[in-house]
Structure formats: C-alpha cells, structure tokens
Amino acid sequence: MRVAVIGAGIIGITTAYELAVDGHEVTVFERRSAAAEETSFANAGVVAPGYVTPWAAPGMPGKVISHLLSRHAPVKLAWPLSGRDLAWMWKWYQACKLDTYLVNRAQMQRLAFYSRERLHQLTDGLQLEYDRSPGYMVLLRSEKDSKLVQPSLQVLREAGVTFREINADEVRRIEPALNPDTAFLGAVHLPDDGVANCRQFALLLKNEALRIGVNFEFNTTAAQLDRAQAASILIAGEDTPRAFDQVVMCAGLASAALLRPLGLKIPMTAVYGYSISAPIREPLNAPRSALMDERYKVAISRLGNRVRVAGSAEIGGSLDTKRASSIQTLYKVLNDWFPGAAQHSNLGAHVQEWKGARPMLPDGPPIIGSSGLPGLWLNLGHGSSGWALSCGSAGAGGPDGGQARRNRHGRPWDRPIALVHVQPCRPKPQDECLVAVSA
Ligand SMILES: Cc1cc2nc3c(=O)[nH]c(=O)nc-3n(C[C@H](O)[C@H](O)[C@H](O)COP(=O)(O)OP(=O)(O)OC[C@H]3O[C@@H](n4cnc5c(N)ncnc54)[C@H](O)[C@@H]3O)c2cc1C
C-alpha cells in the first residue's frame, strides 16, 4: 500500500519505519528541514515504563493548586490561557477520578512495557549507537517525599517492576558524584529502566528507514486533508492533493488543527516543559545515569558527554516565550545534586536551553488506531511519555492494525488504546465508530 505519514518526530519516524518493514511504500511529510526538530528534540530521555502513568490522577488537582504559587513549582499557569486550555483543564479534572485513572494507567503501562521491549529489539537488531545509560533513580529529599511516593510504588509492585527503596548511602554508591552537602532520605532505584537520547535515536532510525525505501520530504507542510477523501493530502504551495491508500497522522501538537476541519475534535493542548543540556565539565562529578528529583519533578540525565536537566509543566503562554524562573529551577536542581558537573554559560561554554510543547491529552493514553474516516489513521497525543511509548505505538496501530508485526513478533497484541478522546465536532452517523477499540 502507498502510505503517507505526516510528521517526522519520534512518533512519525518509528511509524514510518515499522510500516516500511511491513512492506508498505511509505512517504513522510515533515514541515521542518530535519527529523525530531520539535517536541522530540531535547526531552529528558527517560524510558521507565512503570512510571508512565496519567497526569490525571486522584489527588492531583489538590497538589497542583497547592504548588501553583511557589517559586520552583513543577506546574505553572502562564498567560494568555486560551478557552481550549480551560476546556482541557476541566476534562483533565474529570479524568482524575480513580476508576478512569486505573483504566488509563493500565493501558499506558501495557504500551510502555511493550514499547521498551521493541526499543531494545530495534537497538540491538539494527546495532544503533546513541547516547544512553541504564538505571533510573527517584530521589527522595524527605520523609514527606517518601510518603507521597508510596502510591506510585504500589503501582510498580502491581506491574511487576523491579525496584528497591534504598537509603542515601546506597544511593551515593550508585551515583558517587552526588553532592556530599545535600542531605536527603534515599531513593527508589529501578535498574531495568534508563535514559536515552530520543533525537539521536530518531535520526538513526530515519537513516534505517531511508535504507529500506522510505521517502522523506522535508520542508513540506501538509496543509489540508479532505473529509471525503481523507487519504489525500494537499501540500502547502501545491494545487492538487496527493493521493495515497492510507495516511497516518503523527504531527504531534499540530495534529488537532489538521483534524478539526474533518470533524475530529481532539482535546489536545500544549503542556510546555524546559530542558538545559550542558557539556560535562568533569565526568567524575557528573551523574552516571538518570535521576528524578521527586519534589521538583526535575530529571537529571547523563547523555554521553552532556548532562541534561528537564522539567516543568506550564499550561498557557507560548512556545516562543521562555519563563526565566522555570529555567532557574533546572539550574537550582542540578546545583543541589551535581554542582560542578556541567560547564555553565557563565564559563563561556555552550548550554542549550530549550522549551518544548508536550502534545497532551487530558486523561493520559495517546490515540492510536483508526480515525473512523476511511484511510486515515492516528498516532498522536503522547504527552509527557512520547519517547517511552514511541516504538510500541508504531507497532500497535497503522493501516493493518499491526497484524504483520504481531505475527512477526509472535505475541498477541491488540490495539491498546480506546479512542474515547475523539469527539466529533458535528456528530454524524459515520462518527459513531469513534467510540472504542478493545483495550
Ligand atoms: C521538557 C520535556 C521533557 C520530556 N521528557 C520525556 C521523557 O523523559 N520521556 C518521554 O518518553 N517523553 C518525554 N517528553 C515527551 C516527548 O518528548 C513527546 O511526547 C514526543 O516527543 C512527542 O513526539 P511526536 O512525534 O508526537 O511530536 P513531535 O516531536 O513534535 O513531532 C511532530 C512532527 O510533526 C511535524 N508537523 C507538524 N505539523 C505538520 C504539518 N502540517 N506538515 C508536516 N509536518 C508537520 C512537526 O514539525 C514535528 O516534527 C518530554 C517532553 C518535554 C517537553
């Protein structure tokens, strides 16, 4: 089949690769001049399936409100807040109910574990070399942090995840460069999880996709899709739509605007986050792998010869306006734990400060599978876990429902995500099929 993929972020690249492996003739349209230039560019890189859970969780609204006014708050509101942001927040609030949370969490984790397996298969099978380090630790500054983390540990137990609660001495043995002056209680150590460079992986897999025949058209914007012929794409600057047998929408945050004229209203909003990436000054003072400061929800990762610090969840505002205090929080957390690890800009070294927009659905799981319109498939809305979910998402949806991949991998795999998020703007009979795919 002739299949078009819109978007060359981590989701589009993994999707295009899997489709080509299954024997399809694939063309990827990307508006930027290279792959992984938007949200997949400089994320924290954490791949920890047990921690892939919805942000819509019981107790979260109270936590968010109590944080809002503090200087280093992990969640912030910025102006202007759009009507879409407010509607999104209301849906998020409703999805915090326990029953909804449990269903969403189960779906996300199932996908995340499969995804990690597929990531390792691809990495080993294709001998991909990119910056990565094994192991993940959630740092607990105090008894209070330890208490707050207990529900997550129960989730890990139920999911059969290998982890240990360890004291500060043990933490220091695993991460000897931790600041000796920072007192803390301990950590949760997950030896099977880790951190890896999402963008590097995307670029390497793009090359593999090219090798097996995928056609990439960069600097090419998909301007419009037609409800009557959803597998035809009008490219910006062209007069005639290009026809395909199937189209997979992987345009991240931009997907919602492209789908709206087709009658598909996706409740997705941008939840902004920040990262700084700095060259390591002295490897002995740097982290060995990935750590999460549970109090500030900031991740510190070792990515090759750089250290990356990422965090913050900002609703409202815009991608172009960086909030200085959010970036200061990243420097503060890095300094608390690994002073001297990185070359800061005041030493004349290049520090990359980045703001990215998580393509976030209110309740958590991404939308993967049929749009309900003939020939149009969706793989979008991966929020804060798109890297951890990417390889699994690519294998779970798509024009043949991932059947060929299921057969090849010899494991049963249903499309994991119910399409409950999609609400037709103008209800019509054919939209009724957008209700549920088996979970
Ligand atoms: C600060 C931060 C930290 C994060 N940390 C982690 C983490 O530790 N682990 C994790 O798993 N995830 C993490 N994430 C989330 C992860 O980065 C995202 O979920 C993921 O990158 C989304 O990938 P995507 O391919 O859907 O979107 P994108 O990477 O944004 O790709 C979409 C692509 O579509 C293209 N496009 C859009 N519109 C069009 C059009 N009309 N025509 C052609 N092309 C188009 C865009 O140019 C873009 O390249 C983090 C995110 C942030 C912001």
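From a predicted model like this one, the values you see are computed outputs, not experimental measurements.

Undergrad: Is there a simple way to think about the overall build of the protein in this case?
TA: The helix and strand inventory of the protein stands at 11 helices and 21 strands. Here the protein, with 439 residues, has 49% of them falling under the buried criterion. Of the contacts formed within the protein by residues at least 6 apart in sequence, a portion of 76% connects residues at least 24 apart.

Undergrad: What's the story with the site of the ligand in this structure? I'm lost.
TA: In the region of the ligand, 41 residues are neighbours, and Gly7, Gly9, Gly252, Gly273 and Gly386 sit closest. When residues of the shell around the ligand are traced back to their parent elements, those giving at least two are α1 (10-21), β14 (269-279), β18 (352-360) and α10 (386-396). Per-class residue counts for the shell around the ligand are 18 nonpolar, 17 polar and six charged.

Undergrad: What exactly am I supposed to notice about the nonpolar core here?
TA: Side chains of nonpolar character tend, in soluble globular proteins, to be buried together. Ranked by size, the top nonpolar core spans 112 residues in total, and within it Ala16, Val247, Met249 and Ile300 carry the most contacts. Broken down by element, this core gets its largest block of residues, seven residues, from α1. Beyond its immediate stretch of four places on either side in the chain, Ala16 contacts Val5, Val26, Val28, Ala209 and Val214. Counting residues in hydrophobic clusters, the runner-up holds eight residues, among them Trp55, Ala56, Trp88 and Tyr101.

Undergrad: Help me understand the environment of Val26, please; the structure alone is not making it clear to me.
TA: Tracing the sequence through the fold places Val26 in strand β2 (residues 25-29). Using a count of 27 C-beta atoms within 10 Å as the deciding quantity, one classes Val26 as buried. Considering only alpha carbons, one finds Val26 and Val247, 221 residues apart in sequence, at a separation of 9.6 Å. With sequence-adjacent residues up to four places away left out, Val26 is seen in contact with Val3, Val5, Ala16, Leu19, Ala20, Val214 and Asn215.

Parameters and conventions
Residues numbered from 1 in each chain as written. Predicted model: local features only at pLDDT ≥ 70, side-chain atom pairs only at ≥ 80, totals over all residues. Helix = DSSP H or I, 4+ residues; strand = E, 2+ residues; numbered from the N terminus. Buried ≥ 20, exposed ≤ 12 C-beta atoms within 10 Å, placed from the backbone. Contact = placed C-beta atoms within 7 Å. Near = placed C-beta within 6 Å. Nonpolar A, V, L, I, M, F, W, Y, C, P; charged D, E, K, R; others polar. Core = buried A, V, L, I, M, F, W, Y, C linked by C-beta atoms within 7 Å.

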